[in-house]
Amino acid sequence: NAGVTQTPKFQVLKTGQSMTLQCAQDMNHNSMYWYRQDPGMGLRLIYYSASEGTTDKGEVPNGYNVSRLNKREFSLRLESAAPSQTSVYFCASRNHRGVYEQYFGPGTRLTVT
Amino acid sequence: AQKITQTQPGMFVQEKEAVTLDCTYDTSDPSYGLFWYKQPSSGEMIFLIYQGSYDQQNATEGRYSLNFQKARKSANLVISASQLGDSAMYFCAMREPMGNDYKLSFGAGTTVTVRA
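Residues numbered from 1 in each chain as written. Chains lettered and ligands numbered in written order. Predicted model: local features only at pLDDT ≥ 70, side-chain atom pairs only at ≥ 80, totals over all residues. Heavy atoms only, no water.

*Asks:* Where do I start with the overall build of chain A in this structure?
*Replies:* A tally of regular secondary structure across chain A gives zero helices and 11 strands. When its C-alpha atoms are laid out on the principal axes, chain A stretches across 40 × 30 × 25 Å. Counting every position in chain A, which comprises 113 residues, the buried fraction comes to 48%. For chain A, the accessible surface area stands at approximately 5200 Å², while carbon and sulfur atoms represent 47% of it. Each charge sign in chain A was given a centre, from 12 positive and 8 negative side chains, and these centres are 4 Å apart. (Helix = DSSP H or I, 4+ residues; strand = E, 2+ residues; numbered from the N terminus. Buried < 20%, exposed > 50% of the residue type's maximum accessible area, 1.4 Å probe, protein only. Areas by Shrake-Rupley, 256 points an atom, 1.4 Å probe, with all protein chains shown as cover. Lys, Arg positive; Asp, Glu negative; His and termini not counted. Charge placed at Lys NZ, Arg CZ, Asp CG, Glu CD.)

This is the structure in structure tokens:
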């Protein structure tokens, strides 16, 4: 049981380049999320998916797109990277029982130069 | 408007002593949940403890306890008998309804350094 996995762990992009961050969970969770973490600001929600086939914007969606490929996988795409998107990106999925806690992947550290 | 406020950017604590991390929140929803997560230097986010708005008793999980004062809208984390492995950043978060799902709103975090 791997939990939430993310690839890649590190990435350096030049301004204007595109890339896709991959996320998968094996806990049969319906809801999945993408956050970004910037120094001094905690985590902020970019996009979320409440179920397979649905996606919605979070607090900071500009410059990103997402795809919920199936129940397990939720990807985040940067079409034209900007230095302001330098951050650590976390994928999470949510338990639909109990207290609804979110389980996080190990994160992707992205630098845009 | 910031919904979760953590006013302590960094704290030092002596090994084996207790430390309290402050968290205040703002919501008008009567049903909400409060979480604490730990982020060690390796970067992963680890769920520690949860308190529901309707829970009558303060939550406890091993050496972690949550001092929930609903009227003051505070949910402070207490770590007892600190260990070197407790050195990490700690985030307070609040669960709120969002569309047909829930989201977590996070505070800015508090860095705890445990001294031997």
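*Asks:* What should I look at first to understand the overall build of chain B in this one?
*Replies:* The number of helices and strands found in chain B is zero helices and 12 strands. Radius of gyration (C-alpha) of chain B: 14 Å, near the 13 Å computed for a compact globule of 116 residues. Dimensions of chain B, computed from C-alpha atoms along their principal axes, come out at roughly 45 × 30 × 20 Å. In chain B, which comprises 116 residues, the share counted as buried stands at 49%. Carbon and sulfur atoms provide 48% of the accessible area of chain B, an area that totals close to 5600 Å². (Rg over C-alpha atoms; globule rule 2.2 N^0.38 Å.)

*Asks:* Looking at this structure, how should I read the state of the cysteines?
*Replies:* Two cysteines, two sulfur atoms, one covalent bond between them: this is a disulfide. On inspection of all chains with the given rule, the structure shows two disulfides over all chains. Across a sulfur-sulfur distance of 1.8 Å, Cys23 of chain A and Cys91 of chain A are joined as a disulfide pair. Linking Cys23 of chain A and Cys91 of chain A, the disulfide has an S-S dihedral of approximately -70° and is accordingly described as left-handed. In this pair, Cys23 of chain A sits in strand β3 (residues 19–25) while Cys91 of chain A sits in strand β9 (residues 87–94), placing the two residues 68 residues apart along the sequence. Disulfide pairing is shown between Cys23 of chain B and Cys92 of chain B; the S-S distance is 2.0 Å. Judged by the sign of its S-S torsion, about -65°, the cystine formed by Cys23 of chain B and Cys92 of chain B is left-handed. Placement of Cys23 of chain B in the loop between β3 (19–21) and β4 (24–25) and of Cys92 of chain B in strand β10 (residues 88–98) is noted, with a sequence separation of 69 residues between them. (Disulfide = S-S within 2.5 Å.)

*Asks:* For this particular structure, what's the right way to read the sheet that holds strand β7 (residues 64–68) of chain A?
*Replies:* Each strand in a sheet pairs with its neighbour through backbone hydrogen bonds, running either in the same direction (parallel) or in the opposite one (antiparallel). All names here are of chain A. Strand order in the open sheet made by the four strands is β1-β3-β8-β7, with antiparallel pairing throughout. Each end of this open sheet is capped by a strand with a single partner; those strands are β1 (4–7) and β7. The sheet shows a mean angle of 20° between the axes of neighbouring strands, taken without regard to direction. Sheet topology note: the β1/β3 ladder contains four bridges and is antiparallel. Residue pairing for β3: Gln6 is matched across the bridge by Cys23. (Pairing = 2+ DSSP bridges. Axes fitted to C-alpha atoms, helices over the stretch in contact; angles between N-to-C directions.)

*Asks:* Sorry if this is basic, but what is going on with the environment of Pro40 of chain B here?
*Replies:* Residue and element names in this part refer to chain B. Among the secondary structure elements, Pro40 is positioned in the loop between β5 (33–39) and β6 (46–52). Accessibility expressed as a relative area gives 19% for Pro40, which makes it buried. The spatial distance from the C-alpha of Pro40 to the C-alpha of Thr60 is 21 Å, given a sequence separation of 20 residues.

*Asks:* Mind showing me how you'd approach the packing of aromatic side chains here?
*Replies:* To describe a pair of aromatic rings, one takes the distance between the centres and the angle between the planes. Applying the stated rule across the entire model yields 17 aromatic pairs over all chains. On the basis of an interplanar angle of 85° and a centroid distance of 5.4 Å, the ring pair of Phe104 of chain A and Tyr37 of chain B is categorised as edge-to-face. Highlighted residues: Phe104 of chain A in strand β10 (residues 102–104) and Tyr37 of chain B in strand β5, drawn from two different chains. Here a set of aromatic residues connected by ring pairs shows up, and it is made of Tyr33, Tyr35, Tyr48, Phe90 and Phe104 of chain A together with Phe35, Tyr37, Phe47, Tyr50, Phe91 and Phe106 of chain B. For Arg95 of chain B, the ring lying beneath its charged end belongs to Tyr102 of chain B, and the centroid distance is 5.3 Å. (Phe/Tyr/Trp six-rings, centres within 6.5 Å; stacked < 30°, edge-to-face > 60°. Lys NZ or Arg CZ within 6 Å of the ring centre and 35° of its normal.)

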